[in-house]
Amino acid sequence: MDRAQKQDAIETLKSVFAESGAVVVTHNLGLTVAEMTNLRGRLREQGAQLKVVKNTLAQKALDGSVGEEGDALFTGPVAIAYGPDPVSAAKVATQFAKENDKLVIMGGLMGTQVLDKTGVSALATLPSLDQLRGKIIGLVQAPATKIAGILQAPAGQLARVMGAYAAKDAA
């Protein structure tokens, strides 16, 4: 890799770290190509991605913004899982690590905050952005539905009473 390619890789990693909701740092020693493809497919379904990175390039891309604790995550065979939603990459990576011993969660980065393994696990238990949106829509719609039901009830009762009187007069 020549100097220009390294500079391009550093710029790409800088944009990944800046634009991602959370970056999960993993060790992927011993994963087969099929297992990596499976993990990438699962991440892609959730709108996230997996990238194998060179440690020195990742540390240069971070440029000390996360301190020594963040730089310490980038040792050994490292792959990062990232996505615009902070929860999606953490959720898929944590689930895959439970199923496969060869993938080890080392920690994560959320902006300039460094997460340890338990922090990433806690992040994985949160609901996704789509689930939160669904809950908010449900909460907004519930009062309107209740108000419509309450306003409709007296008119319905009046119609039933009138119908009963009409049936009584007809008999």
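A brief look at the structure comes next. The structure presented is a predicted model; accordingly, all values stated were derived computationally and were not measured.

1. Examining the environment of Gln7
Point 1. Within the secondary structure, Gln7 sits in helix H1 (residues 3-19).
Point 2. Put simply, Gln7 and Leu57 are 50 residues apart on the chain and 8.7 Å apart in space, counted from C-alpha to C-alpha.

2. Here's the deal with the nonpolar core
Point 1. Ranked by size, the top nonpolar core spans 22 residues in total, and within it Val24, Leu39, Leu43 and Leu50 carry the most contacts.
Point 2. Contributing elements (two or more residues each) for this core: strand S1 (22-27), helix H2 (33-45), strand S3 (78-83), helix H5 (86-99) and helix H6 (117-125).
Point 3. Top element by residues in this core is H5. It accounts for six residues.
Point 4. With sequence-adjacent residues up to four places away left out, Val24 is seen in contact with Ala79, Ile80, Ala81, Ala89, Ala90, Ala93, Ile105, Gly107, Gly108 and Val120.
Point 5. One finds Ile10, Tyr82, Leu109 and Val114 within the second-largest nonpolar core, a separate group that totals 19 residues.

3. Focus on the packing of H5 against H6
Point 1. Two elements in contact, H5 and H6, have axes separated by 8 Å at closest approach and are oriented at 110 degrees. Between H5 and H6, the interaxial angle falls into the category roughly perpendicular. Contacts from Pro86, Val87, Ala90, Lys91 and Thr94 of H5 reach H6 at Val120, Ser121, Leu123 and Ala124.
Point 2. Among the residues forming the contact of H5 with H6, the class breakdown is six nonpolar, two polar and one charged.

Cut-offs applied
- The residue count restarts for each chain, going from 1 along the sequence in the order it is written.
- Local features are withheld for residues below a pLDDT of 70 in this predicted model, meaning they are given only at 70 or higher, and side-chain atom pairs are given and counted only at 80 or more; totals for whole chains, interfaces and linings count all residues.
- To obtain the side-chain values, all non-hydrogen atoms of the structure were included, while hydrogens and water were left out.
- The helix count covers DSSP runs of H or I at least four residues long, the strand count covers runs of E at least two residues long, and both are numbered beginning at the N terminus.
- Side-chain atoms within 4.5 Å are what join buried Ala, Val, Leu, Ile, Met, Phe, Trp, Tyr and Cys residues into a set we call a nonpolar core.
- With a 1.4 Å probe rolled over the protein chains alone, any residue whose accessible area is under 20% of its type maximum counts as buried; one over 50% counts as exposed, and the rest are partly exposed.
- The contact criterion used is simple: two residues touch if any of their non-hydrogen atoms lie within 4.5 Å.
- Note on geometry: axes are C-alpha line fits, over the in-contact stretch for helices, and angles between N-to-C directions span 0 to 180 degrees.
- Roughly parallel refers to an angle under 35 degrees, roughly antiparallel to one over 145, roughly perpendicular to one between 65 and 115, and oblique to any angle outside these ranges.
- Only Asp, Glu, Lys and Arg are considered charged in this grouping, and only Ala, Val, Leu, Ile, Met, Phe, Trp, Tyr, Cys and Pro are considered nonpolar; every other residue, Gly among them, is considered polar.

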